[in-house]
Amino acid sequence: MRLGVKIFLLVFGLAFIVSGATGSYFYFSAKKSMFETIRQELMATAAAFAQTISGDELESLVDPKQMNSATYKEIQEVLWGITQTNDEFFYAYTMRFRDGQVYFVVDSPPSDDNGDGVIGEDELPAAINEPYSDPPQTLLEGFIHPSADHEPIRDKWGWFISGYAPVFDREGKAVGLLGIDMSVSQVQAKLERIKKAGLLSLFFALGIGLVLTIVVTRGITSPLKAMKEGFKQIARGNFDFKLKVKSNDELGQLSEHFNILMQELKEKQLLQTSLGKIVHKGVLRSLMKGSLKLGGEIVCATVLFCDLRGFTTMSEKLPPAILVSLLNEYFTVMVKIVEEYGGMVDKFVGDKLMAVFGSPTPLKNEQKCALDAALEMIKRCDELNRRLGLQNDFVLENSIGIHAGAVLAGNVGAPERMEFTIMGDCVNIASRLEKKTRALGTRLAISKDVAEKIEDLPQEMVFIGQTFLQGRKEALEVFVARI
């Protein structure tokens, strides 16, 4: 096959792929935007109406026989009113979570959903304590804070996207949730129109691409032939060959880059020839390949340990899916803070985080950066609690210990698999200092080695004298945060 034909097929194929990818991008972006708007609306609506439902009354409904009680009817009337606020709201209902299972409490009133003039069994409200099998993760999250489905979910009642919000009793304890189901039929209709418009745009773009491909192909063959000759010269070891740059377009720039490549190859050959007279050839090959070796060196660094208090108790009360989601959201915030202040997250151990400041990249005022990061981590942890509406046993509370000193930094592992890490007594002191914060009645403790390197120590950092750490005979002078 001739080169011109190959280029024609390649460019036209790329035009087809790019056009299709662009259309798909805008389609999925529109879909994502529409569903995100619906999610926000559902979460806001569910959170607002959840406040109108008494958690104490909801807790009193425990037997299907109570479905004719005044309390049940009053809550059901509220649910019916919610569905009347928006034509796309099909159902509103309340649920509770007991012993790892989700149960209905008060369901929407009976309605002729399919329009056949008869209210069938599937159109009757679910009974009190009727189990709801295979609840999505977003529904489970709704027992803790407002949430909504990311994509439409199908159950025996049809395709819906739902929003959820916790219902609280008079003591502020979450005792159930309010769910609102929205029909996705109108959303699907809008997406179908967007898809058709995208297909028309695709065919139009392909027509233009065909014309442009023919024009471009004719101007590419000659420069590519010259470049082919250039690669032949490289294979022969002739690095003095240069291409003539005839234009300022991409092909001209490619020719310039080719000439730069030839010059770099020439310099590399000269470097190998010169260094080969100074160092051993094996060392030279290792250097040129950028080979890594196991081992390390003693450096000074600042180590930060951060732990979540009461995480074991929380893990016993929350489903694993929610627990992992909550922990990931917390670590996302913490890691971002460490990196913003110039640190490196060395490792995660369960709910613990270890960060290093000053190694492997030197950092000016590494002790102050570590302290500022720690104060910000505590502040942002508290903000995360407020943003997620976490209360009682589900509140996240982190504590931090910081120490500075000499550490062994280097590559640890096996020749086939290694990682950079730090080790030493400095690491152990930082870890044990974090554990000591509970006994010291604080959430942040730093050693004097850290404090004395900070010129303007924050006012909330107070010197408390010497204290003993677990497993250490010598006392350590410590500063704690009064926050």
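Residues numbered from 1 in each chain as written. Predicted model: local features only at pLDDT ≥ 70, side-chain atom pairs only at ≥ 80, totals over all residues. Heavy atoms only, no water.

This part takes up the environment of Asp 134. Structurally, Asp 134 can be placed in the loop between strand E3 (131-132) and helix H4 (137-141). Taking the relative accessible area as the measure of exposure, Asp 134 reaches 74% and is therefore exposed. Asp 134 sits 32 residues away from Val 102 along the chain, and the two C-alpha atoms are 8.8 Å apart. (Helix = DSSP H or I, 4+ residues; strand = E, 2+ residues; numbered from the N terminus. Buried < 20%, exposed > 50% of the residue type's maximum accessible area, 1.4 Å probe, protein only.)

Before going further, it helps to examine helix H6 (residues 221-235). Look at H6: 21 Å from first C-alpha to last across 15 residues, which is about the 21 Å you get at 1.5 Å a residue. By the burial criterion, the buried members of H6 are Thr 221, Met 227, Gly 230 and Gln 233. Residue Gly 237 follows H6 closely and has a positive phi angle near 85°. (Expected span 1.5 Å × (residues − 1).)

Another point: the side chain of Asn 398. Locating Asn 398 in the fold gives a position in strand E11 (residues 397-414). Note on Asn 398: relative accessible area 0%, which makes it buried. At 3.3 Å, the side chain of Asn 398 forms a polar contact with the backbone oxygen of Met 377. Here the side chain of Asn 398 touches Arg 443 through a polar contact of 2.6 Å, side chain to side chain. Ignoring anything within four residues of it in the chain, the contact list for Asn 398 reads Cys 306, Asp 307, Leu 308, Tyr 330, Met 334, Met 377, Ile 378, Cys 381 and Arg 443. (Polar contact = N/O pair within 3.5 Å; in protein donor to acceptor, adjacent residues only side chain to side chain. Contact = heavy atoms within 4.5 Å.)

Counting across every chain of the model gives nine aromatic pairs. Ring centres of Phe 90 and Tyr 91 lie 6.2 Å apart, and the angle between their planes is 75°; this geometry places the pair in the edge-to-face category. Pairing Tyr 93 with Phe 104 gives two aromatic rings, centres 6.2 Å apart and planes at 65°, and the pair type is edge-to-face. With Tyr 93 in strand E1 (residues 89-98) and Phe 104 in strand E2 (residues 101-104), the pair connects residues that are eleven residues apart, well separated along the chain. A single burial state applies to Tyr 93 and to Phe 104, both of which are buried. Taken together through their ring pairs, the aromatic side chains of Phe 90, Tyr 91 and Phe 160 make up a single cluster. (Phe/Tyr/Trp six-rings, centres within 6.5 Å; stacked < 30°, edge-to-face > 60°.)

These figures capture arrangement, not role.
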